[in-house]
Amino acid sequence: MLYQGGNLPYRIMSSILRDLGNRLVLRYLRKTDINSLKEHVKLVHGEWVGGIIQRMLDHYPKFSMKDNFVVVDTKDEKIVAYLCLMRRTFVLNGVKIPVGQMDIVGTHPDYRNRGLIRQLNEVLEEKVAKYKLQLLSIAGIPYYYRQFGYEFAVPMTQGLPIPTERIPELKEDEEEPVTFEQVTKHTFPDYLACRAKNNSFLDLYYELGSEHFLFYSTGEFREPESLRFYIVKQKDQVVGAFYLGIDFGTLVVKELWLQDIQMIPPVLRFLKTKVQEHKCPLKICPPSKPSLMPRLEGLAGAKLRDTYAWYIRIPSIRKFLETITPVLEKRLSNSEFQGMTDTLKLSCYREGFELVFREGRLTDITKLAIHKLQQMEVRLPPLVINQLLMGYRTITELQEIYSDVLCYSTKQALVEVLFPKIRASITPSF
Ligand SMILES: CC(C)(COP(=O)(O)OP(=O)(O)OC[C@H]1O[C@@H](n2cnc3c(N)ncnc32)[C@H](O)[C@@H]1OP(=O)(O)O)[C@@H](O)C(=O)NCCC(=O)NCCS
């Protein structure tokens, strides 16, 4: 039975998407729900997460009320489950990919295990199709999102803990060689230019623009993804950049780039003042200049490990391959397969594609009939294929892990070239 809504005006009725029975209604967020949403988020995710809601609604680019989906108990109009869809752009070797991120997913403890997030995810997927998003990402809890077609496919690190007692002191006769400027709305373009230049060692990253500044910089510092961007200067020249955030009670430094390794101790001394100010431990995530890492590890007396991963969903493999065609062609042209004319039959058991290459160009990607899938040259289980397509693991690594990842020996080298392991970082997290 469709929820009748009494005499509610059409404007309100139109936000209703599903009647879930038992007084529960799935609908878009309304302005009158915002306080209830903040309470819901605080209860489910913690006090500090509540603050992000207003910031997202006020400032997150391309984010509207209709990107927010709630389940409401009509008994008291309280929100009992929520998730939202944020839009981001990833850049893969110069090619922009429209991405969606399901976020702040949560159900009130009294309403769990009734399929509410499953239902919310279904309506979110309709929006994903409407927005023509090519990938979905989420930094989610273990296992859960596999049920919705996600697979771990982009590395995530917890960061390298830096004990402040190991940070070298400034000697009495020395002066710091650099200064630190917190980035403002006016200097954010300089920061972004520096970031774009120094992200160049990454194959895949998240593109930030001026439109993101207010979202990241207006919240209280302890809220998730409330960031402080810094530029490091030496005699008016930009010689470094990084940003700070507090993740689960730890001060985390991300996207650290420094022109010179000698600048690490001054940066750490600056960070020590922030640790004292915020009274929390310090971690550094992999820097935007990989050569800084060994020195940081040496100072920390520890090694950095990738401890988790981002979930990725690929709504349409064919469309994703079409989007990244320039990347595939470039990889081919930089290899022994330059100028190749051949085909590659790639399957994830439930569906398969023939990639047609002519003189080094990927000219066609055809979906193949189900009865042809057994003749496929490369076969990976449905979600495992995400790991290959996202460059998280190579075909050879996947064959070592999964007995049902198969590849004709005649195509192995080609698949290694088309889908190599890439360097990826998709911070900031929102
Ligand atoms: C995880 C959480 C969002 C699940 O919400 P929910 O409304 O109970 O989820 P659903 O009932 O729609 O779950 C869908 C399926 O997953 C199962 N499931 C529920 N919680 C699960 C969990 N933590 N791990 C694995 N599976 C789970 C359900 O049984 C259901 O299975 P079924 O469809 O085969 O019956 C909810 O427990 C929660 O809010 N937790 C605290 C906040 C949190 O961790 N959020 C996620 C942040 S990434």
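Here is what the cut-offs are and how they apply
Residues numbered from 1 in each chain as written. Predicted model: local features only at pLDDT ≥ 70, side-chain atom pairs only at ≥ 80, totals over all residues. Helix = DSSP H or I, 4+ residues; strand = E, 2+ residues; numbered from the N terminus. Rg over C-alpha atoms; globule rule 2.2 N^0.38 Å. Buried ≥ 20, exposed ≤ 12 C-beta atoms within 10 Å, placed from the backbone. Contact = placed C-beta atoms within 7 Å. Near = placed C-beta within 6 Å. Nonpolar A, V, L, I, M, F, W, Y, C, P; charged D, E, K, R; others polar. Core = buried A, V, L, I, M, F, W, Y, C linked by C-beta atoms within 7 Å. Pairing = 2+ DSSP bridges. Domains from an automatic or database assignment. Arc of directions from axis to C-beta.

**Quick look at the overall build of the protein**
Regarding its fold elements, the protein presents 13 helices and 21 strands. Relative to the compact-globule value of 22 Å for 430 residues, the protein shows a C-alpha radius of gyration of 24 Å, a close match. The proportion of buried residues among the 430 residues of the protein is 37%. Partitioning the contacts of the protein with sequence separation of at least 6, the portion at a separation of at least 24 is 68%.

**Notes on the site of the ligand**
The full set close to the ligand counts 18 residues, and Gly106, Thr107, Arg112, Ile117 and Gly140 are the nearest of them. For the shell around the ligand, the secondary structure elements donating two or more residues are α2 (34-45), β5 (95-107) and α4 (116-130). Residue composition of the shell around the ligand, by class: eight nonpolar, seven polar and three charged.

**Some remarks on the nonpolar core**
If you look at the biggest cluster of nonpolar residues, it comprises 119 residues, and the most contacted ones within it are Val70, Val71, Leu83, Leu120 and Ile312. If you tally residues by element for this core, the top one is strand β4 (residues 78-92), at ten residues. Those residues in contact with Ile312 that sit more than four places away from it in its chain are Leu135, Leu136, Ser137, Tyr150, Glu151, Ala153, Val154, Asn386 and Met390.

**Quick word on the sheet that holds strand β16 (residues 342-347)**
Across the sheet, five strands lie side by side as β18-β17-β16-β19-β20; this open sheet has mixed pairing. Looking along the sheet, the strands with just one partner apiece sit at the ends: β18 (361-368) and β20 (406-407). Sheet analysis places strand β17 (residues 352-358) next to β18, joined by seven bridges and oriented antiparallel. The residue bridging Phe353 from the neighbouring strand is Lys367, located in β18.

**Here's the deal with the domain arrangement of the protein**
Entries for the protein in the domain assignment read domain 1 (10-138), domain 2 (160-305) and domain 3 (316-423). Distance between the C-alpha centres of domain 2 and domain 3: 38 Å.

**Considering the sheet that holds strand β9 (residues 179-182)**
As summarised here, the arrangement of the six strands in space is β8-β14-β13-β12-β11-β9, forming an open sheet in which the pairing is mixed. The open sheet terminates on both sides in strands that have one partner only, identified here as β8 (160-161) and β9. Inspection of the sheet shows strand β13 (residues 250-258) paired to strand β14 (residues 282-284) by three bridges, in the parallel sense. Within β14, the position partnered with Leu251 by the bridge is Leu282.

**Quick word on the pairing of β17**
Relative to β17, β16 runs antiparallel, the two sharing six bridges. The residue bridging Asp342 from the neighbouring strand is Phe357, located in β17. Turn length for the β16-β17 hairpin, with the two strands adjacent in sequence and antiparallel, is four residues, and the turn residue Tyr349 shows positive phi of about 70°. The turn joining β17 and β18, which pair antiparallel and follow one another in sequence, is formed by two residues; a positive phi near 45° is taken by Glu359.

**Considering helix α10 (residues 325-333)**
Those residues of α10 that sit buried are Val327, Leu328 and Leu332. Here the buried residues of α10 occupy an arc of 135° about the axis, which is enough to place them on one side. Residues of α10 that are buried make contact with β4, β5, β18 and α13 (412-418).

**Some thoughts on the environment of Phe270**
Within the fold, Phe270 resides in helix α7 (residues 264-278). Under the C-beta neighbour-count criterion, Phe270 is labelled partly exposed, with 17 such atoms within 10 Å. In the structure, Phe270 is positioned 94 residues away from Glu176 in sequence and 9.9 Å away in space, judged by C-alpha atoms.

**A few points about unusual backbone geometry**
Of note, the amide linkage connecting Thr427 to Pro428 takes the cis form, showing an omega dihedral of -10°. Among the structural elements, Pro428 can be located in the segment after β21 (424-425). Positive phi is not limited to glycine here, since Arg23 has a value of about 70°. Here Arg23 is to be found in the loop between β1 (16-21) and β2 (24-28). If you check the backbone angles, Lys235 has positive phi at about 45° while not being a glycine. Relative to the assigned elements, Lys235 resides in the loop between β11 (228-234) and β12 (237-247). Exposure remark for Lys235: the 8 C-beta atoms within 10 Å place this residue in the exposed category.

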